[in-house]
Number of protein chains: 2
Amino acid sequence: MVKLRETEVILRLCIVFFLLLTSCLIGLDSQTKEIAYIHKNVSFRYLLALEAELYIDVVVAAYNLVQLGLGWYNVEQKTSNPKWFSYLLDQTAAYVVFAGTSAAAQHSLLVVTGSRELQWMKWCYKFTRFCFQMGSAIILNYIAAALMVLLSSISAFNLFRLYSPKRFFRFKSSS
Amino acid sequence: MVKLRETEVILRLCIVFFLLLTSCLIGLDSQTKEIAYIHKNVSFRYLLALEAELYIDVVVAAYNLVQLGLGWYNVEQKTSNPKWFSYLLDQTAAYVVFAGTSAAAQHSLLVVTGSRELQWMKWCYKFTRFCFQMGSAIILNYIAAALMVLLSSISAFNLFRLYSPKRFFRFKSSS
């Protein structure tokens with residue numbers, strides 16, 4: 001069982017690392033350019049989905065740190081953490097990060113391609129560095145999301161193997 | 001166990017219903033308006049994320065129909081379907097539908113609000129019916145995604161309760 005707990009700790013640390021790195025890349029991303037004699041500054045606040053993604057990443061990183069703290073406390077006290085609690089929150093966090101990243105990727109794609117039918121200008125050929133940094137943040141965010149999918153599977157495994165394969169929703173006798 | 005299998009069948013039927021309803025709402029959504037003496041027709045093809053969402057919905061609805069067929073076949077042959085196969089595909093389908101819906105919601109929101117900073121026009125005040133139909137499709141799609149999250153939890157439960165709570169990744173003796 002120690003093997004599984006170690007895997008979980010390592011996964012959570014990697015997730016926190018990727019989420020915080022993504023948040024920094026998004027939060028610190030801005031570029032100023034002169035367009036038709038006007039200084040135009042672009043930052044992540046211009047794209048609603050990126051702002052949402054930033055807040056989601058920070059909250060989920062904090063959640064994983066709390067889980068790590070709880071896990072360490074439980075080891076010290078020789079108790080075990082509530083498995084349903086971990087499973088539901090890990091699963092929710094994985095879905096929210098995955099959805100937030102996809103919405104941000106969609107919004108960024110629009111900034112790159114524009115939309116001829118809707119007469120929306122593209123911007124990335126002017127703000128190239130801004131867009132490259134945004135693109136790398138989204139890729140890192142998808143890596144974090146994939147790790148969270150793996151983590152939520154481990155939480156599901158930890159929870160459901162306590163149940164009997166025969167009797168519906170009953171805990172299993174220890175075997 | 002019959003209770004769980006019935007729940008799964010009902011869930012899959014509801015999911016197929018919502019996904020196909022969403023696909024029809026998106027696919028048949030178009031509106032023509034005269035703007036500055038020009039006939040402008042707006043359809044889902046104008047929004048890349050909606051087109052992607054439509055294809056995702058159709059593929060996932062087909063997948064669930066195949067799973068229903070497999071389930072019916074297994075009942076007839078008194079065999080059981082490969083649980084890892086169901087778990088991985090159900091989980092993947094849930095994430096993809098959830099992410100696709102979020103990207104489409106983001107794109108639709110931009111059509112409603114436009115973007116002052118990026119000088120992107122809003123369109124929904126002109127194509128109101130088109131946007132209302134799109135909005136309802138996205139709400140129905142989120143309902144389908146929520147049902148798929150539930151379904152993937154049942155698949156996880158079906159799979160992981162076969163494993164022992166004591167020995168790492170070993171099947172449990174039947175108890």
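Parameters and conventions
Residues numbered from 1 in each chain as written. Chains lettered and ligands numbered in written order. Predicted model: local features only at pLDDT ≥ 70, side-chain atom pairs only at ≥ 80, totals over all residues. Heavy atoms only, no water. Least-squares fit on C-alpha atoms with pLDDT ≥ 70 in both. Contact = heavy atoms within 4.5 Å. Pairing = 2+ DSSP bridges. Helix = DSSP H or I, 4+ residues; strand = E, 2+ residues; numbered from the N terminus. Buried area = accessible area lost by both parts, 1.4 Å probe. Salt bridge = Lys/Arg side-chain N within 4 Å of Asp/Glu carboxyl O. Nonpolar A, V, L, I, M, F, W, Y, C, P; charged D, E, K, R; others polar. UniProt positions renumbered as here; feature names shortened; annotations may be inferred. Buried < 20%, exposed > 50% of the residue type's maximum accessible area, 1.4 Å probe, protein only.

Colleague: Please clarify how the relation of the copies chain B and chain A should be interpreted in this entry.
Modeller: There are two copies of the chain, and a rotation about an axis plus a shift along that axis relates them. With an RMSD of 0.0 Å, the fit of chain B onto chain A corresponds to turning through 180° and sliding 0.0 Å along the axis. Those values place the two copies in the arrangement expected of a two-fold rotation axis. Both copies present the same face, since 100% of the interface residues in chain B are matched by interface residues at the equivalent positions in chain A.

Colleague: How do you make sense of the pairing of strand E1 (residues 30-35) of chain B when you look at a structure like this?
Modeller: Looking down a regular strand, the side chains alternate between one sheet face and the other. Residues and elements named next belong to chain B. Examined bridge by bridge, E1 and strand E2 (residues 38-43) share 6 bridges and lie antiparallel to one another. Bridge assignment links Gln 31 to a residue of E2, and that residue is Val 42. Between E1 and E2, which pair antiparallel and follow one another directly, the connecting turn spans 2 residues, one of which, Ala 36, has a positive phi of 50°.

Colleague: So what exactly am I meant to see when it comes to the interface of chain B and chain A here?
Modeller: Interfaces are often sized by the amount of accessible area the parts lose when they come together. Taken together, the contact between chain B and chain A spans 46 residues of the former and 46 residues of the latter. Roughly 4,500 Å² of surface becomes buried between chain B and chain A when both sides are summed, with 70% attributable to carbon and sulfur atoms. Counting across the interface, chain B meets chain A through 0 salt bridges. Looking at the side of chain B that touches chain A, the elements with two or more residues in it are helix H1 (2-27), helix H2 (48-77), helix H3 (83-113) and helix H4 (128-160) of chain B. With 13 residues, H3(B) is the single largest residue contributor to the side of chain B that touches chain A. When grouped by side-chain class, the residues that make up the side of chain B that touches chain A number 27 nonpolar, 12 polar and 7 charged.

Colleague: It is not clear to me how the UniProt feature "transmembrane region" in chain A should be interpreted in this structure. Could you clarify?
Modeller: Residue and element names in this part refer to chain A. The UniProt record marks residues 8-28, 46-66, 92-112 and 137-157 with the feature "transmembrane region", using the residue numbering of this structure. In this annotation, residues 8-28 is assigned 95% helix and 0% strand; the end-to-end C-alpha distance for the span is 30 Å. Secondary structure content for residues 92-112 is 100% helix and 0% strand, while the C-alpha to C-alpha distance between its ends is 30 Å.

Colleague: Can you help me understand the pattern of salt bridges in this one?
Modeller: Pairs can form between side chains of opposite charge once their charged atoms are near each other. In the structure shown here, the tally under the stated rule is 10 salt bridges over all chains. Across the pair B:Arg12 and B:Asp90 runs a salt bridge whose closest N-O atoms are separated by 2.9 Å. Here B:Asp90 lies in helix H3 and B:Arg12 lies in helix H1, a separation of 78 residues in the sequence. By the burial criterion, B:Arg12 is buried, and B:Asp90 matches it. Each of A:Glu8, A:Arg12 and A:Asp90 takes part in salt bridges that share partners, so that together they form one network.

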